2 protein chains.
Amino acid sequence: MTSRPTCTRSVVLARRPDGNPVPEDFSLIEEALPALNDGELLLVNEFVSLDAGFRNWMDEDSGDAVLPAMALGAPVMGLVLGTVLESRHRDFEPGTRLMARLAWQEHTVTDATDFLIRLPEPLEADAEHYLGILGDTGLSAFFGLRDIGRPKDGETVLVSAAAGAVGSIAGQLARIMGARAVGISSGPEKLERLKRDLGYDAVIDRRKPLPDQLASACPEGVDVYFDNVGGPMLETVIDHLAEGARVVLCGAVSTYGQAAEGPKNLFQLVTRQAAMSGFLTHTRAEEYPEARAELARWLKEGKLVAPEHRLQGIEQVAQAFCDLFAGRNFGKTLVEL
Amino acid sequence: MTSRPTCTRSVVLARRPDGNPVPEDFSLIEEALPALNDGELLLVNEFVSLDAGFRNWMDEDSGDAVLPAMALGAPVMGLVLGTVLESRHRDFEPGTRLMARLAWQEHTVTDATDFLIRLPEPLEADAEHYLGILGDTGLSAFFGLRDIGRPKDGETVLVSAAAGAVGSIAGQLARIMGARAVGISSGPEKLERLKRDLGYDAVIDRRKPLPDQLASACPEGVDVYFDNVGGPMLETVIDHLAEGARVVLCGAVSTYGQAAEGPKNLFQLVTRQAAMSGFLTHTRAEEYPEARAELARWLKEGKLVAPEHRLQGIEQVAQAFCDLFAGRNFGKTLVEL
């Protein structure tokens with residue numbers, strides 16, 4: 001039994017990022033942990049998941065139906081996995097493991113009106129996988145490919161941000177579904193790992209001119225484009241779509257993709273009879289258990305691997321978040337507290 | 001029996017249009033009609049169909065898989081309905097009625113390697129309807145709505161260029177399928193006719209600010225957007241899509257829609273879980289007879305009307321084509337020769 005801590009540390013928003021976030025946009029503070037009121041519980045947090053989408057709410061006036069804009073000086077919101085240490089809430093026993101949209105903190109006091117998700121018992125895999133391959137990112141890859149992309153045997157599935165949390169799973173799922181997987185990423189080391197660790201059939205370096213690489217890696221065109229980035233790359237890929245192609249606009253990461261320019265070539269969707277569809281994962285909650293069981297089975301059988309960019313300690317959380325935007329991660333980015 | 005003419009008149013491309021075509025881009029010439037060689041046939045043309053899409057091939061170097069770029073001084077390509085007057089081709093008897101992608105001419109000599117379509121016998125409706133409501137434009141409206149838009153009872157279908165050849169049918173079909181139809185067009189007279197003649201439930205003037213009009217005409221959002229124009233209007237409509245909306249990029253007219261700018265708000269397809277799909281009509285030839293029979297039945301029953309902008313004589317063909325771009329037409333634009 002862990003003894004009750006008296007203080008906790010949090011990462012707060014020190015200033016609003018200008019474009020990609022840098023570590024100086026955040027600072028670490030220490031505060032006393034209050035006693036619980038009726039209906040509250042205290043979590044000791046084990047993992048913080050870093051997701052680029054949360055960048056969206058760091059701008060002033062960025063609040064929307066999902067989250068309010070983050071306040072300067074307040075703990076930064078993210079996805080956290082923790083265990084109930086103390087409870088004055090009748091629905092939660094100490095020892096219960098929960099995942100929630102909470103702040104980047106070592107401990108959390110909550111009245112349980114947050115969006116709390118209980119981890120299943122028994123766990124289907126290591127707990128931290130519920131923040132990644134068995135969580136939003138894995139489920140986004142799964143629903144996006146199975147329901148929107150629907151690759152057929154031998155078709156070519158192109159994945160952007162292929163080494164990212166979603167992309168690293170999407171490419172593997174494409175191969176499990178019988179398709180060829182082609183991944184776009186950058187740098188020789190990550191490109192090599194896409195092939196070696198994740199089984200991508202071909203890779204494309206986003207820092208080199210794309211059209212020739214696309215023509216060579218996808219000689220019969222792109223049947224499914226799993227788009228994690230939008231922007232000018234989407235426009236380029238549209239020119240390489242095969243007849244009847246499906247473009248999956250991924251819900252996990254596209255909410256911050258408010259592009260400066262849109263693709264000028266949407267008429268190509270007509271001549272190629274192609275479809276472009278957006279989707280969200282959290283509206284499919286009733287399908288989670290079945291999808292998670294399938295992913296956990298593939299993980300156990302070794303058909304899927306869950307690459308991680310894992311850092312240690314609350315001091316590293318801001319750095320881990322910034323790493324996402326610098327493309328330093330390979331797979332899911334996590335901090336173990 | 002018409003006696004064999006010795007001369008025929010054609011409309012030729014006098015210069016390449018700069019933006020929207022004007023009558024001075026075309027001129028009328030008269031030429032002798034040659035005697036037929038073996039394998040050729042002579043058509044006397046009854047109707048020329050004017051379709052904005054053909055503007056696409058009037059630019060230099062605009063040739064593609066569908067058509068080569070039109071040559072200066074050569075007859076302008078279009079869609080023509082004619083009757084075989086004389087034949088030295090074993091597959092075609094005098095009296096056969098044909099529709100084909102041919103030039104704007106009073107008579108055509110062809111070796112039948114052109115894309116010739118025999119009109120069914122007996123006709124399901126007046127012959128000229130095979131250039132419109134029972135032809136590419138009607139079938140585009142039909143396939144686009146039935147297969148891509150798939151409106152459900154009570155949903156809102158928004159149609160741009162609602163008074164155009166495709167839009168005038170799409171709005172009526174939306175209502176036959178049980179949806180509310182909202183049409184975008186311009187000018188009080190056309191807007192009034194959309195409601196009075198075509199049964200549109202609400203109309204929007206494209207020359208006035210769109211967002212307020214969209215919010216008022218589609219208070220629960222747009223479930224299906226039948227897009228005949230692309231461009232900035234598409235971007236505006238994306239902001240008004242309902243959850244799960246379908247955007248139909250219409251194949252009949254979008255091939256010339258090479259936009260200067262693309263929609264910047266494609267991320268809205270994610271948050272609204274919406275899909276945008278392009279399609280072509282001519283790849284569905286095996287479905288034509290059934291689709292045409294359905295449209296002909298509705299036409300006969302008075303559930304569908306086929307509005308026409310009809311001019312008379314080869315001298316009016318260029319004007320009729322230019323009328324399309326000036327928005328002067330209501331419904332299908334035809335010239336009766």
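All values reported here derive from a predicted model rather than from experimental measurement.

Here is what the cut-offs are and how they apply
- Sequence order as written defines residue numbering, which begins from 1 separately in each chain.
- Chains and ligands are labelled by the order in which they are written, letters from A for the one and numbers from 1 for the other.
- Only residues with pLDDT of at least 70 are given local features in this predicted model, and only at 80 or more are side-chain atom pairs given and counted; all residues enter the totals for whole chains, interfaces and linings.
- Computation of side-chain values: all heavy atoms of the structure, hydrogens and water removed.
- Secondary structure is summarised from DSSP: a helix means a run of H or I of at least four residues, a strand means a run of E of at least two, and numbering begins at the N terminus for each.
- Note that the radius of gyration is over C-alpha atoms, with the globule rule given as 2.2 Å times the number of residues to the power 0.38.
- Burial here depends on accessible area, computed with a 1.4 Å probe over protein chains only, as a share of the maximum for the residue type. Under 20% is buried, over 50% is exposed, and the range in between is partly exposed.
- The contact criterion used is simple: two residues touch if any of their non-hydrogen atoms lie within 4.5 Å.
- Per-residue and other accessible areas were derived by the Shrake-Rupley procedure at a 1.4 Å probe size, with only the shown protein chains allowed to occlude residues.
- Asp and Glu count as negative and Lys and Arg as positive, but His and the ends of the chain are not part of the count.
- In this description, the location of a charge corresponds to atom NZ of lysine, CZ of arginine, CG of aspartate or CD of glutamate.
- In short, DSSP must find at least two bridges between two strands for them to pair.
- The set of buried Ala, Val, Leu, Ile, Met, Phe, Trp, Tyr and Cys residues whose side-chain atoms join them within 4.5 Å is what this entry labels a nonpolar core.
- The way it works is a 1 Å grid over only the protein atoms, where trapped points that fit a 1.4 Å probe form a cavity and open points with protein on both sides within 12 Å along at least five of seven lines form a pocket, and then any residue with an atom within 4 Å of a point lines it.
- Grid points are joined across faces, edges and corners, and a volume is the space filled by probe spheres set on the points.
- Residues are grouped as follows: Ala, Val, Leu, Ile, Met, Phe, Trp, Tyr, Cys and Pro are nonpolar; Asp, Glu, Lys and Arg are charged; all remaining types, including Gly, are polar.
- Any carboxyl oxygen of Asp or Glu within 4 Å of a side-chain nitrogen of Lys or Arg constitutes a salt bridge here.
- Axes, fitted as lines to C-alpha atoms, cover a helix only where it is in contact. Angles between the N-to-C directions of the axes lie from 0 to 180 degrees.
- What sets the label is the angle itself: under 35 degrees gives roughly parallel, over 145 gives roughly antiparallel, 65 to 115 gives roughly perpendicular, and the rest give oblique.
- The reported arc concerns the directions from the helix axis to the C-beta atoms and nothing else.
- Each crossing gets its hand from how the near helix is turned against the far one by less than a right angle, where anticlockwise is left-handed and clockwise is right-handed.
- In protein, a polar contact means a hydrogen-donor-capable atom and an acceptor-capable atom, both N or O and within 3.5 Å, with residues adjacent in sequence counting only if both atoms are side-chain atoms; elsewhere, any N or O pair within 3.5 Å suffices.
- Stacked, tilted and edge-to-face pairs are distinguished by plane angle, under 30 degrees for stacked and over 60 for edge-to-face with tilted covering the rest, among Phe, Tyr and Trp rings (Trp via its six-membered ring) whose centres lie within 6.5 Å.
- By definition, being over a ring means that NZ of Lys or CZ of Arg is both within 6 Å of the ring centre and within 35 degrees of the ring normal.

## Focus on the overall build of chain A
Then comes step 1: A count of helices and strands for chain A gives 8 helices and 15 strands.
Then comes step 2: Here chain A has a C-alpha radius of gyration of 20 Å; the compact-globule value for 337 residues is 20 Å, and the two agree.
Then comes step 3: Over its C-alpha atoms, taken along the principal directions, chain A stretches across nearly 65 × 40 × 35 Å.
Then comes step 4: Each of the 337 residues in chain A was classed as buried or not, and the buried ones make up 57%.
Then comes step 5: Looking at chain A alone, contacts between residues at least 24 apart form 68% of all its contacts between residues at least 6 apart.
Then comes step 6: With an accessible surface of roughly 14100 Å², chain A has 49% of that area assigned to carbon and sulfur atoms.
Then comes step 7: Treating the 33 positive side-chain charges of chain A as one cloud and the 49 negative ones as another, the clouds have centres 4 Å apart.

## Details of unusual backbone geometry
All names here are of chain A.
Then comes step 1: Of note, the bond from Glu-121 into Pro-122 is cis; its omega dihedral lies within 30 degrees of zero at -5°.
Then comes step 2: Position of Pro-122 relative to the elements: it lies in the loop between β7 (116–118) and α1 (136–149).
Then comes step 3: In this structure, Asp-61 is a non-glycine residue whose phi angle is positive, near 55°.
Then comes step 4: Inspection of the secondary structure puts Asp-61 in the loop between β3 (41–50) and β4 (77–87).
Then comes step 5: One non-glycine residue with positive phi stands out, namely Ala-112, at about 70°.
Then comes step 6: Secondary-structure assignment places Ala-112 in the loop between β6 (107–110) and β7.
Then comes step 7: Classification of Ala-112 by relative accessible area gives partly exposed; the value is 21%.

## Quick notes on the pairing of strand β14 (residues 308–312) of chain A
Looking along a regular strand, one sees side chains alternate from face to face of the sheet.
All names here are of chain A.
Then comes step 1: Side chains His-309 and Leu-311 project from β14 onto a buried face, and the interleaved Glu-308, Arg-310 and Gln-312 project onto a face without burial.
Then comes step 2: One ladder, built from 5 bridges, connects β14 with strand β15 (residues 332–336); its direction is parallel. Bridge pairing in β15 places Gln-312 opposite Glu-336.

## Focus on the nonpolar core
Then comes step 1: Residues Leu158(A), Tyr225(A), Leu241(A), Met276(A), Leu158(B), Leu241(B) and Met276(B) are the most contacted members of the largest nonpolar core, which totals 50 residues.
Then comes step 2: Filtering out sequence-adjacent residues up to four positions away, Leu158(B) remains in contact with Val182(B), Ile184(B), Ile204(B), Leu214(B), Val222(B), Val224(B), Tyr225(B), Phe226(B) and Val237(B).

## Considerations on empty space enclosed by the protein
All names here are of chain B.
Then comes step 1: With the rule as written, the count across this model stands at 2 cavities of 30 Å³ or more.
Then comes step 2: Here the largest cavity is characterised by a volume of approximately 90 Å³.
Then comes step 3: Lining the largest cavity we find 14 residues, and of these Gly-132, Ile-133, Ala-306, Pro-307 and Lys-332 sit closest to its centre.
Then comes step 4: Elements that contribute at least two residues to the lining of the largest cavity include exactly α2 (167–176) and β15 (332–336).
Then comes step 5: Here the residues of the lining of the largest cavity are counted per class, giving 7 nonpolar, 4 polar and 3 charged.
Then comes step 6: As a volume, the second largest cavity reaches approximately 70 Å³.

## Focus on the environment of Arg297(B)
All names here are of chain B.
Then comes step 1: With respect to the secondary-structure elements, Arg-297 resides in helix α7 (residues 288–300).
Then comes step 2: For Arg-297, a relative accessible area of 38% corresponds to the partly exposed category.
Then comes step 3: When the C-alpha positions of Arg-297 and Ala-125 are compared, they lie 9.2 Å apart, and in sequence the two are 172 residues distant.

## Observations regarding the pattern of salt bridges
All names here are of chain A.
Then comes step 1: Here the structure, examined in full by the defined rule, presents 50 salt bridges over all chains.
Then comes step 2: Across the salt bridge formed by Arg-146 and Asp-147, the nearest N and O atoms sit 2.8 Å from each other.
Then comes step 3: Because the salt bridges share partners, they merge into one network encompassing Glu-128, Glu-308, Arg-310 and Glu-336.

## Focus on the packing of α1(A) against helix α7 (residues 288–300) of chain A
Residues and elements named next belong to chain A.
Then comes step 1: Contact geometry of α1 with α7 gives a least axis separation of 10 Å together with a crossing angle of 100°. Classed by the angle they form, the pair α1 and α7 counts as roughly perpendicular. Between α1 and α7, the residues in contact are Asp-136, Gly-138, Leu-139, Phe-142, Phe-143 and Arg-146 and Tyr-288, Glu-290, Ala-291, Arg-292, Glu-294, Leu-295 and Trp-298, respectively.
Then comes step 2: Looking at the contact of α1 with α7 residue by residue, the classes come out as 7 nonpolar, 1 polar and 5 charged.

## Overview of helix α5 (residues 231–238) of chain A
Then comes step 1: Regarding α5(A), the residues found buried are Met233(A), Leu234(A), Val237(A) and Ile238(A). In an axial view of α5(A), the angular spread of the buried residues amounts to 140°, which keeps them on one side of the axis.

## Concerning the packing of helix α4 (residues 210–217) of chain B against helix α5 (residues 231–238) of chain B
All names here are of chain B.
Then comes step 1: The contact between α4 and α5 brings their axes to 10 Å, and the two run at 50°. With respect to their mutual orientation, α4 and α5 come out oblique. Taken as a pair, α4 and α5 cross one another with a handedness that is right-handed. When α4 is examined against α5, the residues Leu-210, Pro-211 and Leu-214 are found in contact with a partner set consisting of Met-233, Thr-236 and Val-237.
Then comes step 2: Across the contact of α4 with α5, the residue classes break down as 5 nonpolar, 1 polar and no charged.

## Things to note about the environment of Arg9(B)
Residue and element names in this part refer to chain B.
Then comes step 1: Position of Arg-9 relative to the elements: it lies in strand β1 (residues 7–13).
Then comes step 2: Look at Arg-9 and you get partly exposed, because its relative accessible area is 25%.
Then comes step 3: Placed 160 residues apart in sequence, Arg-9 and Ile-169 show a C-alpha to C-alpha distance of 32 Å.
Then comes step 4: When near neighbours in sequence (up to four residues on either side) are disregarded, Arg-9 contacts Leu-28, Ile-29, Glu-30, Trp-104, Gln-105, Glu-106, Ile-314 and Glu-315.
Then comes step 5: Within the structure, Arg-9 has its side chain in polar contact with the side chain of Glu-315 (distance 2.9 Å).

## Some words on the environment of Pro232(A)
Then comes step 1: By secondary structure assignment, the location of Pro232(A) is in helix α5.
Then comes step 2: Spatially, the C-alpha atoms of Pro232(A) and Gly149(A) are 21 Å apart, while their sequence positions differ by 83 residues.

## Observations concerning the packing of aromatic side chains
Then comes step 1: Tallied over the full model, the rule gives 16 aromatic pairs over all chains.
Then comes step 2: The interplanar angle of 70° and the centroid separation of 5.2 Å between the aromatic rings of Phe321(B) and Phe325(B) together place this pair among those described as edge-to-face. Residue Phe321(B) and its partner Phe325(B) are both found in helix α8 (residues 317–325); the two are separated by 4 residues, about one turn of the helix.
Then comes step 3: Residue Phe325(B) is classed as buried on the basis of its relative accessible area, which comes to 19%.
Then comes step 4: One aromatic cluster is present, built from ring pairs that chain together Phe26(A), Trp104(A), Phe321(A) and Phe325(A).
Then comes step 5: A cation sits over an aromatic face here: Arg193(A) above Phe330(A), 3.9 Å from the ring centre.

## A word on the sheet that holds strand β12 (residues 241–249) of chain A
Then comes step 1: Spatial ordering of the open sheet is given by β10(A)-β9(A)-β8(A)-β11(A)-β12(A)-β13(A)-β13(B)-β12(B)-β11(B)-β8(B)-β9(B)-β10(B), a layout of 12 strands whose pairing is mixed. The two strands at the open ends of the sheet, each matched to only one other strand, are β10 (202–205) of chain A together with β10 (202–205) of chain B. Ignoring which end each strand starts from, the neighbouring axes of this sheet average 15° apart.
Then comes step 2: Summarising the sheet, strand β8 (residues 156–159) of chain A and strand β9 (residues 180–185) of chain A pair through 4 bridges and their orientation is parallel. Across the sheet, Thr156(A) pairs through a bridge with Arg180(A), a residue of β9(A).

## Examining the side chain of Arg292(B)
Then comes step 1: Residue position: Arg292(B) is located in helix α7.
Then comes step 2: In this view, Arg292(B) contacts Pro120(B), Glu124(B), Tyr130(B), Leu134(B) and Leu139(B); residues no more than four positions away in its chain are not counted.

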